Amino acid sequence: MTPINLDKVGICASGFCAIHCSITPLVLLNAGHLKLFSLLHNPILEWLLFSIAVVMGAMAILPALLKHKKAYVLVLFLSGLFLVIQSESIQLIAPKISFSLLGGVLMAYAHFENLSFKFSK
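These notes cover the structure that comes with them. (Residues numbered from 1 in each chain as written. Predicted model: local features only at pLDDT ≥ 70, side-chain atom pairs only at ≥ 80, totals over all residues. Heavy atoms only, no water.)

## Things to note about helix α3 (residues 71–87)
Step number 1: When the terminal C-alpha atoms of α3 are compared, their 24 Å separation across 17 residues agrees well with the 24 Å that a helix rising 1.5 Å per residue should span.
Step number 2: Those residues of α3 not exposed but buried are V73, L76, F77, G80, L81, L83, V84 and S87. Each buried residue of α3 sits inside an arc of 160° when the element is viewed along its axis, so together they form one side. (Helix = DSSP H or I, 4+ residues; strand = E, 2+ residues; numbered from the N terminus. Expected span 1.5 Å × (residues − 1). Buried < 20%, exposed > 50% of the residue type's maximum accessible area, 1.4 Å probe, protein only. Arc of directions from axis to C-beta.)

Given below as structure tokens:
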């Protein structure tokens, strides 16, 4: 049985989080009165995606940081996390999408960098 690679799961979780946070405002803006897309703006789904991304980050990046001592990976991840959290307080659509997309990409990139250290040795 192959062990689960937490960085790969983290890349996917961060990517899904970025996609969700980016398309939800656009879909809701264009959905009008249709309830069809209400699932996208479900707070439970948002917290679930966010929680998975944070847990995968903590489980993959923190232990690896002790090994490879590359603090910038943690800084990338925390910066992305900060941007995603900040995007929730922004009311304007374009900055909200920009912050959440950039945040998700930074979190995914932190996992990618972390993963590259595992294979470089």
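That was the structure; now back to the text.
## Looking at a nonpolar patch on the surface
Step number 1: Together, F16, I19 and I23 give the surface a local cluster of nonpolar side chains, amounting to about 300 Å² of exposed area.
Step number 2: Under the relative-accessibility criterion, I23 is labelled partly exposed at 37%. (Patch = residues over 30% accessible without salt bridge, like charges linked within 9 Å, V, L, I, M, F, W, Y side chains within 5 Å. Areas by Shrake-Rupley, 256 points an atom, 1.4 Å probe, with all protein chains shown as cover. Salt bridge = Lys/Arg side-chain N within 4 Å of Asp/Glu carboxyl O.)

## A look at the side chain of S14
Step number 1: Here S14 shows up in helix α1 (residues 6–31).
Step number 2: Its relative accessible area of 0% is what places S14 among the buried residues.
Step number 3: Every residue in contact with S14, bar those within four places of it in the chain, is listed here: A53, G104, M107, A108 and H111. (Contact = heavy atoms within 4.5 Å.)

## Side note on helix α2 (residues 43–68)
Step number 1: The end-to-end C-alpha separation of α2 is 36 Å, in line with the 38 Å expected for 26 residues at 1.5 Å each.
Step number 2: If you check which residues of α2 are buried, you get L49, F50, A53, M56, G57, A60, I61, A64, L65 and H68.
Step number 3: Residue K69 follows α2 closely and has a positive phi angle near 55°.

## Things to note about the packing of α2 against α3
Step number 1: Taken N-terminus to C-terminus, the directions of α2 and α3 make an angle of 165°; their axes are 9 Å apart at the nearest point. In terms of their interaxial angle, α2 and α3 are classed as roughly antiparallel. Remark: the crossing between α2 and α3 carries left-handed chirality. Only A71, V73, L74, F77, L81, V84 and I85 of α3 make contact with α2, whose side of the interface consists of F50, A53, V54, G57, I61, L62, L65 and H68. (Axes fitted to C-alpha atoms, helices over the stretch in contact; angles between N-to-C directions. Parallel < 35°, antiparallel > 145°, perpendicular 65-115°, else oblique. Left-handed = near helix turned anticlockwise from the far one by under 90°.)

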